[in-house]
Structures are given as structure tokens and as C-alpha cells.
Amino acid sequence: MDDPNDRGGGTTPSKENTSTPLSLIAEAFEELARTIKSKDFQDLRLGTFSEACSLVSVLFGCLGIAFKFAEMEYVAKVQDLVQASKTFGTLRNIIDYDVENDTVRKPGSSTRNLRRVRQGLDLIRALFEQFISSDECSLREAASSAYAEVCAPFHTWAIRTAVFAGMCALPSKQQLILKLNETDQSVEREMRRYIDASIPVIEYIDKLYISKNITLDW
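Reading the values: rules and limits
Residues numbered from 1 in each chain as written. Predicted model: local features only at pLDDT ≥ 70, side-chain atom pairs only at ≥ 80, totals over all residues. Heavy atoms only, no water. UniProt positions renumbered as here; feature names shortened; annotations may be inferred. Core = buried A, V, L, I, M, F, W, Y, C linked by side-chain atoms within 4.5 Å. Buried < 20%, exposed > 50% of the residue type's maximum accessible area, 1.4 Å probe, protein only. Helix = DSSP H or I, 4+ residues; strand = E, 2+ residues; numbered from the N terminus. Contact = heavy atoms within 4.5 Å. Lys, Arg positive; Asp, Glu negative; His and termini not counted. Salt bridge = Lys/Arg side-chain N within 4 Å of Asp/Glu carboxyl O. Polar contact = N/O pair within 3.5 Å; in protein donor to acceptor, adjacent residues only side chain to side chain. Expected span 1.5 Å × (residues − 1). Arc of directions from axis to C-beta.

The protein chain appears in an unreviewed UniProt entry as Glycolipid transfer protein domain-containing protein from Papaver somniferum. Its UniProt record, at the heading Sequence similarities (unreviewed entry), says of the protein chain: "Belongs to the GLTP family."

This is the structure:
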């Protein structure tokens with residue numbers, strides 16, 4: 001009789017083989033990137049894109065009060081896109097609609113919400129790049145650098161001041177790794193996967209705006 005505990009080797013799955021928030025995010029964005037790079041690609045499905053983006057919300061939650069502003073805005077905007085996916089099929093569809101109705105930058109418009117979500121994705125990309133750049137780089141340094149690069153140019157002085165003040169409350173690198181259920185080795189691998197996969201997605205969104213003569217400085 002077969003051993004009931006034998007599952008192709010008889011060993012219990014290790015932490016390395018178990019899905020984590022980071023691995024799920026990386027997998028979802030790798031699928032988006034593969035779609036964009038495919039020969040027959042025309043546009044990203046809004047529903048699929050929104051589902052992938054919703055997975056990223058947990059990352060903002062792990063960063064605490066310093067990124068509460070980003071978490072609240074990001075989560076709300078992703079939910080708006082989820083709702084919009086019930087009406088619009090693709091990312092291009094929502095931009096076309098807002099261009100036709102002169103509502104591209106109107107608060108609450110799907111095109112504006114997409115712009116903010118894209119900014120959130122880029123913030124995490126920049127944070128991950130800083131995080132794995134050096135063992136000596138603290139999470140506070142990584143987050144400060146990422147925020148200065150991606151978000152600060154578009155925020156008021158009051159918001160920038162509040163964010164940088166809140167950086168003191170960030171967890172340590174090791175605390176974040178534990179919150180994400182990763183190891184020192186796996187966290188770098190999964191972060192690199194997200195970085196590599198998110199770049200073509202972010203670039204594609206930017207190209208959609210540029211194709212409609214919409215500037216990216218907002």
C-alpha cells in the first residue's frame with residue numbers, strides 16, 4: 001500500500017515552496033507582463049489588471065503609518081477600477097471614455113484613478129529596488145528614497161513633511177521580511193520578480209497616456 005504521507009518525495013512543503021503575499025503579487029504581474037509582450041497583444045483587461053493591483057494593497061499595510069496615505073488612496077482607487085471593470089473592458093477603454101468626455105483629470109474619473117494606481121505600483125517598485133540594493137540600507141532609507149523619487153514631486157509641502165516625519169515609525173527590514181512571511185533569501189528573489197514584471201506594465205500605462213496626448217506630470 002502506498003504511504004499516505006508520500007507526496008512525490010514524502011517531505012512537507014517548506015516555506016520556500018509556499019505561496020506568500022510577495023510571490024502571489026510577483027506571479028500576477030509576471031502574467032500581466034507576459035500578456036503585454038505576447039505577439040497578439042492589444043490591450044490589458046481592466047478586470048485582470050485590477051485583480052493584480054489589489055494584491056499589492058497588503059504591502060502598503062505592512063509599512064505602517066508612514067505610508068497610510070498611500071494605502072488609503074491606493075486601495076480606494078483600485079476598488080474604483082474594479083467597479084469600472086464592470087462597465088469597461090480594457091485600460092484603453094477608460095482613457096478613451098474620459099478623453100471623449102473631457103474628464104481625464106476630474107477627481108473620481110477612471111483615468112485619474114489609474115494614474116494614481118500606477119504611481120502606487122511604481123512606488124513599490126522603487127522601494128523594492130532600494131530595499132535590495134544594499135544590506136546596509138535601512139527600510140527607512142529605502143522608503144524615503146522611493147517616496148522622494150516617485151511621489152514627492154506631486155505632493156504638497158504639508159503631505160511631504162507628514163510622510164517624512166512618519167518614516168520613523170517604519171518597521172525594520174527584518175520585521176518587514178517576517179510580516180511578508182519571507183526569508184532573507186526569498187524576499188530578494190520575490191522583490192526582483194516584481195521589479196522585472198512591473199516595469200513593462202508601468203511603461204505600457206504611460207504609453208497609453210502619451211498616445212492620447214496626456215502628459216505624465218500629474
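(A) Main features of the nonpolar core. Judged by nonpolar contacts, the single largest core of 68 residues is most densely connected at Phe29, Leu44, Phe49, Val56, Phe67, Leu114 and Leu121. Listed by contribution, the elements that provide at least two residues to this core are α1 (21-37), α2 (46-62), α3 (68-84), α4 (91-100), α5 (110-131), α6 (139-150), α8 (173-179) and α9 (184-211). Among the elements that take part in this core, α9 stands out by supplying 11 residues, more than any other. Once you skip the residues sitting within four places of it in the chain, Leu114 turns out to touch Phe49, Leu81, Leu91, Ile94, Ile95, Ile205 and Tyr209.

(B) Layout of the side chain of Lys77. Note on placement: Lys77 falls in helix α3. The side chain of Lys77 is buried and forms no salt bridge, while Glu73, the nearest opposite charge, is found at 4.2 Å. Leaving out residues up to four positions away in the same chain, Lys77 has contacts with Asn113, Arg116 and Val117.

(C) Quick peek at the environment of Ser38. The topology assignment puts Ser38 in the loop between α1 and α2. Along the chain, Ser38 and Lys212 lie 174 residues apart, while their C-alpha atoms are 23 Å from each other. In this structure the side chain of Ser38 is engaged in a polar contact, spanning 2.6 Å, whose partner is the backbone oxygen of Thr35.

(D) Focus on α3. A rise of 1.5 Å per residue sets the reference length of α3, with its 17 residues, at 24 Å; its end C-alpha atoms lie 24 Å apart and thus fit the reference within 8%. Among the residues making up α3, those that are buried are Ala70, Glu71, Tyr74, Lys77, Val78, Leu81 and Ala84. Buried residues of α3 fall within an arc of 160° about the axis and therefore sit on the same side.

(E) Structural detail: the side chain of Ser110. Along the chain, Ser110 falls in helix α5. Looking at Ser110, the relative accessible area reads 14%, which means it is buried. In contact with Ser110, other than residues within four places in its own chain, are Leu81, Ala84, Ile94 and Asp98.

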